[in-house]
Amino acid sequence: SAVGSAAAADRLFYRNLQRLQPSLQPIKELQGPVGQIVQLDKDRNVTGVERNRVVVPPVFNRYLAWGFPDFSLRAGSLESDKTVTSYEGLHTGQITCVVCPDPKTVITGGESSVLCVWQLVVSGSGREKSRQLALKEILYGHTSSITCLEASTSYGIIVSAAEDGTCFLWDLQRLTFIRQLQQHHRPVGAICINALTGDIVTCAGSTLSWWSINGELLAQESMPEDDNHAISCCVMSELCVWDSQNVIVTGSMDGVVRFWSMAFHDHHYRIPSDIANEKLQLARVLS
């Protein structure tokens with residue numbers, strides 16, 4: 001019912017920032033910097049993996065890892081943390097980022113500036129079962145090392161960014177170029193795509209940019225340009241598309257989690273500084 005939906009919305013975390021508290025115990029302890037956090041089920045159970053790793057949906061019991069001296073991509077079990085399969089020779093040079101939009105698709109980017117789209121092919125059964133990567137397409141366009149990758153099955157797009165500040169949108173089904181976003185002044189270190197609206201957030205240094213799926217820059221906000229304020233990760237709330245209090249959540253190198261909201265003002269979207277500053281103070285309590 002509408003009343004039930006409104007009551008549920010009132011309990012959302014971004015409507016109760018003053019009540020947010022860190023957990024008494026860590027939900028998981030990793031051996032290095034956290035690279036990805038995923039929600040496992042509707043009960044809000046989450047897990048995380050180290051940097052240079054991604055978990056494979058929808059079961060999230062396997063991972064892909066990269067950044068090894070032999071330039072390989074390795075698949076392993078999340079439970080045992082052991083490598084099951086190693087794929088070599090996928091790129092010229094080092095793989096720099098990987099995304100798995102679905103259990104059968106793997107997209108890799110590397111120092112060679114190209115994106116490779118792979119299909120996971122499973123053959124055999126039981127102990128004889130093997131998983132191989134078959135190349136579907138190579139996407140050319142960037143001219144420097146790929147720094148960030150994200151994909152959305154809801155809107156059928158891939159978003160890639162490179163060391164030179166370029167950011168491209170690609171068609172996930174046709175594997176073709178769609179458009180380029182406005183040039184960033186620094187390399188993009190984090191990207192997220194809203195599964196409900198298709199909006200895209202890019203983070204380059206300490207600058208946060210919000211784009212429509214059509215490439216229109218909706219809002220942009222910058223913090224002081226120093227390494228401590230560089231944004232390393234971002235995510236958007238997307239439970240209720242109609243909620244005017246939806247937020248972007250960013251994490252920075254200074255260890256602070258910040259909440260950003262968007263307002264409509266003079267026919268242009270902007271991230272209001274008064275709201276951003278208020279939520280920044282609240283976020284500092286959580287850092």
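Note that the structure is predicted; figures quoted are calculated from it, not measured.

A. Local environment of the environment of Asn246. Here Asn246 lies in the loop between strand S19 (231-236) and strand S20 (247-252). For the pair Asn246 and Met262, spaced 16 residues apart in the sequence, the C-alpha separation amounts to 7.8 Å. Those residues in contact with Asn246 that sit more than four places away from it in its chain are Tyr14, Ser237, Glu238, Cys240, Val241, Trp260, Ser261 and Met262. For Asn246, the side chain forms a polar contact with the side chain of Tyr14, separated by 3.1 Å. For Asn246, the side chain forms a polar contact with the side chain of Ser237, separated by 2.8 Å.

B. Local environment of the pairing of strand S11 (residues 146-152). Burial within S11 is extensive, with five of its seven residues counted as buried. The turn joining S11 and strand S12 (residues 157-162), which pair antiparallel and follow one another in sequence, is formed by four residues; a positive phi near 65° is taken by Gly156.

C. Fine view of the environment of His185. You can see His185 is positioned in the loop between strand S14 (177-180) and strand S15 (188-193). Measuring from C-alpha to C-alpha, the distance between His185 and Gly205 comes to 8.6 Å, with 20 residues separating the pair along the chain.

D. Main features of the side chain of Ser113. Residue placement: Ser113 occurs in the loop between strand S8 (105-110) and strand S9 (115-123). Residue Ser113 is classed as buried on the basis of its relative accessible area of 12%. Excluding anything up to four places from it in sequence, Ser113 contacts His142, Thr143, Ser144 and Ile146.

E. The arrangement of the packing of aromatic side chains in detail. The tally for this structure, following the rule as stated, stands at five aromatic pairs. Arranged with centres 5.7 Å apart and planes meeting at 80°, the rings of Trp170 and Phe177 form a pair that is edge-to-face. What makes Trp170 buried here is its relative accessible area of 2%. Aromatic rings pair up to connect Phe13, Tyr14 and Phe259 into one cluster. Over the face of the ring belonging to Tyr63 we find Arg53, whose NZ or CZ atom lies 4.1 Å from the ring centre.

Calculation criteria
- Residues numbered from 1 in each chain as written.
- Predicted model: local features only at pLDDT ≥ 70, side-chain atom pairs only at ≥ 80, totals over all residues.
- Heavy atoms only, no water.
- Helix = DSSP H or I, 4+ residues; strand = E, 2+ residues; numbered from the N terminus.
- Contact = heavy atoms within 4.5 Å.
- Polar contact = N/O pair within 3.5 Å; in protein donor to acceptor, adjacent residues only side chain to side chain.
- Buried < 20%, exposed > 50% of the residue type's maximum accessible area, 1.4 Å probe, protein only.
- Pairing = 2+ DSSP bridges.
- Phe/Tyr/Trp six-rings, centres within 6.5 Å; stacked < 30°, edge-to-face > 60°.
- Lys NZ or Arg CZ within 6 Å of the ring centre and 35° of its normal.

Honestly, it's all geometry; don't read function into it.
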